[in-house]
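# Chains, contacts and geometry: an overview
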Amino acid sequence: SGRSKQASTLTDAHTLQQYYLEHKNNKNNSGLDAAVNYQRGFKANKEQALTFSYSYMSDHNSLDNDIVFYNEINYSNPDYRQYNATGIAEHAGQVDYVQPVNNLSVEGGAKSISRTNKSDFRYLNLNPATGEYETDHMRSNIFNNRQDIFSVYNSYAYRREGWQVKAGVRAEQTMIKGSYSQGATAIRHKYLNLLPAFVANRKLNDNSSVSFSYSKRIQRPSTEEMNPFADRSNPDFEWSGNPYLRPITSNVYQLSYLVSSRATLNISAGGMFFKNVFSAFSFYDPITNITRTRQENYGKGRVLK
């Protein structure tokens, strides 16, 4: 819980607008994480294994904002209260199998993730005539979001005469559904990603080796980054997530040389090339004098190292 005070003045040759406010807030959080794993080994080959995994995660948050204004000049925004209660739950199940065959190791598996998120947010204005707080239905809603991810993968690892090579691919199907209790249009996203990976290591002698790797990766937006709730704890600034965010995809390359004797020297060069980058963007509205910030996908990028 906390309490703060703020003074805001907009001036030209004279004071155009002024207000003072007192902000009282209260936040609560609770969470749970649990996981269980079972692995079956085989007597014929110790490297052969079958693994089952399950995990559960839940997180609940609540936010209460109470804003009171005084000493206003040309400012008519009434006192207001804002509430937001969020709940996240995630179930994940996975199965993996490793089968060695001479110098080759074959690995395969499947994974399923089911993630749900609910945000119940309300905005209430003080009615000076009655002294009661009344719900602003234009700024209040309930947002439900569900994300289901299904993936399968297969990889092969080979070792022989100083060479170590591993290659594989993972296919991920993502389905996202979002809906509001009133007003806004339902959200539907569905996309398939193929994510290959490759790494090769060559031992040059007892003290040195060279390696090359490539992988394609995906980074999905978090539930907080997709939550449309607008935090108005500061009346001049609003922050919200974006339920229409797309995931970031990237291609990563790296070439390395390692030599180790009495000292170790590691030289590497690589790069990451990505698109659909999401970040916070701010927009100023000259009519309302409010700066609004929300997450957006904005293009491509690269990092060389």
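Residues numbered from 1 in each chain as written. Predicted model: local features only at pLDDT ≥ 70, side-chain atom pairs only at ≥ 80, totals over all residues. Heavy atoms only, no water.

### Details of the sheet that holds strand β15 (residues 278-285)
Note the cut-off: Any two strands are treated as partners once DSSP identifies two or more bridges connecting them. Only runs of H or I of at least four residues qualify as helices and only runs of E of at least two qualify as strands under DSSP, and these elements are numbered from the N terminus. Only the contacting stretch of a helix is used when fitting its axis, a line to C-alpha atoms as for every element, and angles between N-to-C directions run 0 to 180 degrees.
Pairing within the open sheet is mixed, and its four strands lie in the order β11-β12-β16-β15. Strands at the two margins of the open sheet, each flanked by one partner only, are β11 (230-234) and β15. When the angles between neighbouring strand axes are averaged without regard to direction, this sheet yields 25°. As judged from the four bridges shared by strand β12 (residues 237-240) and strand β16 (residues 290-297), these two strands associate in the parallel manner. Bridging across to β16, S240 finds its partner in R294.

### What to know about the pairing of strand β9 (residues 187-203)
The sheet contact formed by strand β8 (residues 163-180) and β9 spans 16 bridges and is antiparallel. The residue bridging Q173 from the neighbouring strand is L192, located in β9. Following β8, the chain reverses through six residues before pairing antiparallel with β9; G183 in that reversal takes a positive phi of roughly 85°. Relative to strand β10 (residues 208-219), β9 runs antiparallel, the two being bridged by seven bridges. What sits directly across from K203, in β10, is S209. Counting the residues between successive antiparallel strands, the hairpin from β9 to β10 contains four residues.

### Here we look at the confidence of the model for the chain
Stated precisely, the cut-off is as follows: Per residue, pLDDT measures the predictor's confidence, with a range of 0 to 100.
Per-residue pLDDT for the chain averages 92, and the proportion of residues at 70 or more is 100%. Ranking the elements of the chain by mean pLDDT puts helix α1 (residues 223-226) last, at 86, and strand β4 (residues 80-101) first, at 96.

### Considerations on the pairing of strand β6 (residues 132-135)
Looking at chain direction, strand β5 (residues 104-127) and β6 are connected through four bridges and run antiparallel. Paired with N127 across the strands is E132, a residue of β6. What sits between β5 and β6 in their antiparallel hairpin is a turn of four residues, with G131 showing a positive phi close to 75°.

### Looking at the packing of aromatic side chains
Definition in use: Pairing of aromatic side chains here covers Phe, Tyr and the six-membered ring of Trp, requires ring centres within 6.5 Å, and sorts the geometry by plane angle: under 30 degrees stacked, over 60 edge-to-face, intermediate tilted. For every residue, the accessible area (1.4 Å probe, protein chains only) is compared with the maximum for its type, and the residue is labelled buried under 20%, exposed over 50%, or partly exposed between those bounds. Sitting over a ring, as applied to charges here, requires NZ of Lys or CZ of Arg to be within 6 Å of the ring centre and within 35 degrees of the ring normal.
Scanning the model with the defined rule gives eleven aromatic pairs in all. Measuring from centroid to centroid gives 4.9 Å for Y214 and Y253, while their planes differ by 40°, and the two rings are tilted. Highlighted residues: Y214 in strand β10 and Y253 in strand β13 (residues 248-260), separated in sequence by 39 residues. In this structure Y214 comes out as buried when scored by relative accessible area, which is 18%. Taking relative accessible area as the criterion, Y253 reaches 36% and is therefore assigned partly exposed. Here a set of aromatic residues connected by ring pairs shows up, and it is made of Y19, F69, Y75, Y80 and Y123. The ring of F42 carries R40 above its face, with NZ or CZ at 5.6 Å from the centroid.

### Some thoughts on the side chain of Q82
To keep it simple, the criterion reads: Counting of polar contacts relies on pairs of N or O atoms within 3.5 Å, with two restrictions inside protein: one atom must be capable of donating a hydrogen and the other of accepting it, and residues adjacent in sequence are counted only when both atoms are side-chain atoms. Two residues form a contact once any of their heavy atoms are found within 4.5 Å.
Tracing the sequence through the fold places Q82 in strand β4. Overall, the relative accessible area of 2% leaves Q82 in the buried class. A distance of 2.6 Å separates a polar atom in the side chain of Q82 from the backbone oxygen of A230. Side-chain polar atoms of Q82 contact the backbone nitrogen of R232, separated by 3.0 Å. Setting aside anything within four residues of it in sequence, one finds Q82 in contact with L63, D64, N65, R122, Y123, F229, A230, D231, R232 and S233.

### Digging into the side chain of S250
Residue placement: S250 occurs in strand β13. Excluding residues that lie within four positions of it along the chain, S250 makes contacts with S215, K216, R217, M272, F273 and F274.

### Focus on the environment of R81
Note that R81 resides in strand β4. For R81, a relative accessible area of 28% puts it in the partly exposed group. Expressed as a C-alpha distance, the spacing of R81 and T135, which sit 54 residues apart in the sequence, is 9.2 Å. In contact with R81, not counting residues within four places along its chain, are N65, D66, R122, Y123, L124 and Y133.

### Some points on unusual backbone geometry
Of note, N71 is a non-glycine position whose phi angle comes to about 55°, a positive value. Structurally, N71 can be placed in strand β3 (residues 45-73). Judged by its relative accessible area of 48%, N71 is partly exposed. If you check the backbone angles, E161 has positive phi at about 50° while not being a glycine. Take E161: it is sitting in the loop between β7 (141-160) and β8. Taking relative accessible area as the criterion, E161 reaches 66% and is therefore assigned exposed.

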